[in-house]
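Observations on the model geometry
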Amino acid sequence: MGSRDDLGSAGMRTREDLMRAAAAMYYLEDQTMEAVARRLGQSRSSVSRLLKAARASGVVRIEVRDLDTVDVLARELEDALGVAAQVVRVREPVTDAERLAQVARYTASVLPEWFHDGMTMGVAWGTTIDAIITHLAERPLTGATVVQLNGSVTPTMAGVAVGAEQMGAIAQAFNAEMVPFPVPAFFDFPRTRQMMWQERSVQQVLSRQGAADLALFGVGAIHSPVPSHVYASGYLDEPDRRMLASQDVVGDVCTVFLRADGSWRDIAINTRASGPTPLELQRIPRRVAVVAAPAKAVALLAALRAGTITELVLDSGTARAVLHEARRRAGELGRPHGGATLR
């Protein structure tokens, strides 16, 4: 289908020729209906009828293709990264806050399908969990428990509310027992953490964490349009930030920091972190990460490589971003690393 100049001349007289020319100019050349009418020497209403006839006869076929449907994206994530995924359709463009709100709303709606009577759910506080709580409806359970996975106290004690209030809100929604973890997000010294971990009260919480049936958490990223609490709320001082940069840290899960390749053991600050390591997190059989920011693609891949995630809830834009990043790193991700692989 193509257009010709001087289409209104005597050589352009059959209706089929007019129909094809009008369709070519309107659909392929992106001309306005008025411009098409002038070139063809027709009225605007005549051009409208020609275009309608072109569609009806099959000269023009309009097909809306959505190659990145949520089902397709979910299958691609499972095939590429070996992780089950629930993808929330988000129409672009969208603000960062609205993207998070849509994913949080969906997660809140499906959480009762995962969390049942008698179960224990471990939760790592953060910006994403805070957004999920906003949309939680009451769904009382019997014998259920919500246990805090990582400490939230800052040097000024401002972090108490972040962790304890989030756990309390979730526990209230499910009529569940709340098990707080009233320790610092990061200790000043590794030795202090080691000594605290010997306390019976702390050991009881750690035991409840390890016995959880389900873990729910976000993925923090060093660079993200929606700042993670751990990076934006005074938990890290300037020396900490410089250290993270020097050790190529890209993000964290449960306040345990990760490099892009999923490594974490030799990152110094992790010896002071209160959250479960990837190995400790793996004791929990079902580990759901909720992510709503394409900028977190690198951090999310790191979390997958570290083996921290069994299931993902994310928006379609973030799904496309992480798949793009995974394919970009296909050679590296194809090597075994105890976590996800690119197949």
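What counts and how
Residues numbered from 1 in each chain as written. Predicted model: local features only at pLDDT ≥ 70, side-chain atom pairs only at ≥ 80, totals over all residues. Heavy atoms only, no water. Pairing = 2+ DSSP bridges. Helix = DSSP H or I, 4+ residues; strand = E, 2+ residues; numbered from the N terminus. Axes fitted to C-alpha atoms, helices over the stretch in contact; angles between N-to-C directions. pLDDT = per-residue confidence, 0-100. Contact = heavy atoms within 4.5 Å. Buried < 20%, exposed > 50% of the residue type's maximum accessible area, 1.4 Å probe, protein only. Core = buried A, V, L, I, M, F, W, Y, C linked by side-chain atoms within 4.5 Å. Salt bridge = Lys/Arg side-chain N within 4 Å of Asp/Glu carboxyl O.

Side note on the sheet that holds strand S5 (residues 214-218)
A sheet is described by the order of its strands in space; here seven strands give the open sequence S1-S10-S9-S5-S2-S3-S4, paired in parallel fashion. Strand pairing shows two members of the sheet lacking a second neighbour, strand S1 (84-88) and strand S4 (177-179), which therefore form its edges. Between one strand axis and the next, the sheet turns through 20 degrees on average, direction left out of account. Sheet analysis places S1 next to strand S10 (residues 311-315), joined by five bridges and oriented parallel.

Focus: the sheet that holds strand S8 (residues 256-259)
Think of a sheet as strands paired side by side through backbone hydrogen bonds, with each pair either parallel or antiparallel. If you trace the three strands from one edge of the open sheet to the other, you get S6-S7-S8, paired in antiparallel fashion. Edge positions in the sheet fall to strand S6 (220-221) and S8, since each has one partner strand and no second. Pairing of S6 with strand S7 (residues 249-253), which is carried by two bridges, proceeds in the antiparallel orientation. Its bridge partner being in S7, Ala221 is matched across the sheet by Gly251.

A short note on the confidence of the model for the protein chain
The share of residues in the protein chain with pLDDT of 70 or more is 86%, and the mean pLDDT across the chain is 87. Per-residue pLDDT stays below 50 along residues 1-12; that stretch engages in 26 contacts with residues further than four places along the chain or on separate chains. In this model, residues 335-343 is a region of pLDDT below 50 whose contacts with residues beyond four sequence positions or in other chains number 27 contacts.

Focus on unusual backbone geometry
In this structure, the amide linkage connecting Glu92 to the following residue, Pro93, adopts the cis form with an omega of -5 degrees. Along the chain, Pro93 turns up in the loop between S1 and helix H5 (96-114). Phi is positive for Cys254, close to 55 degrees, though the residue is something other than glycine. Of the residues examined, Cys254 reaches a relative accessible area of 3% and is grouped as buried. Phi at Thr255 is positive, roughly 65 degrees, even though this residue is not glycine. By the element assignment, Thr255 lies in the loop between S7 and S8.

So, the nonpolar core
Across soluble globular proteins, you tend to see nonpolar side chains buried next to one another. Core analysis: the largest hydrophobic core is formed by 48 residues, its most contacted members being Phe115, Met121, Val146, Ile170, Phe174, Phe186 and Leu216. Among the secondary structure elements, those contributing two or more residues to this core are H5, strand S2 (120-123), helix H6 (127-134), helix H7 (160-174), S5, helix H11 (238-246), S8 and strand S9 (286-291). A total of seven residues in this core trace back to one element, the largest contributor, which is H5. Apart from residues lying up to four places away in sequence, Phe174 is in contact with Leu111, Pro112, Phe115, Leu136, Arg139, Pro140 and Leu141. The next biggest cluster of nonpolar side chains, apart from the first, holds 42 residues, and it includes Ala124, Val291, Ala299 and Leu323.

Quick look at the pattern of salt bridges
Once their charged atoms are close, side chains differing in charge can pair, the charge on each being opposite to the other. Summed over the entire model, instances satisfying the criterion amount to twelve salt bridges. A salt bridge links Arg44 to Glu34; the nearest nitrogen and oxygen atoms lie 2.8 Å apart. Residue Arg44 is found in helix H3 (residues 44-57), and its partner Glu34 is found in helix H2 (residues 33-40); the two are separated by ten residues along the sequence. Since its relative accessible area comes to 46%, Arg44 is described here as partly exposed. For Glu311, the salt bridge goes to Arg286, with nearest N and O atoms at 2.5 Å. A residue pair is termed long-range when its members are at least 10 positions apart, and Glu311 in strand S10 and Arg286 in strand S9 qualify at 25 residues.

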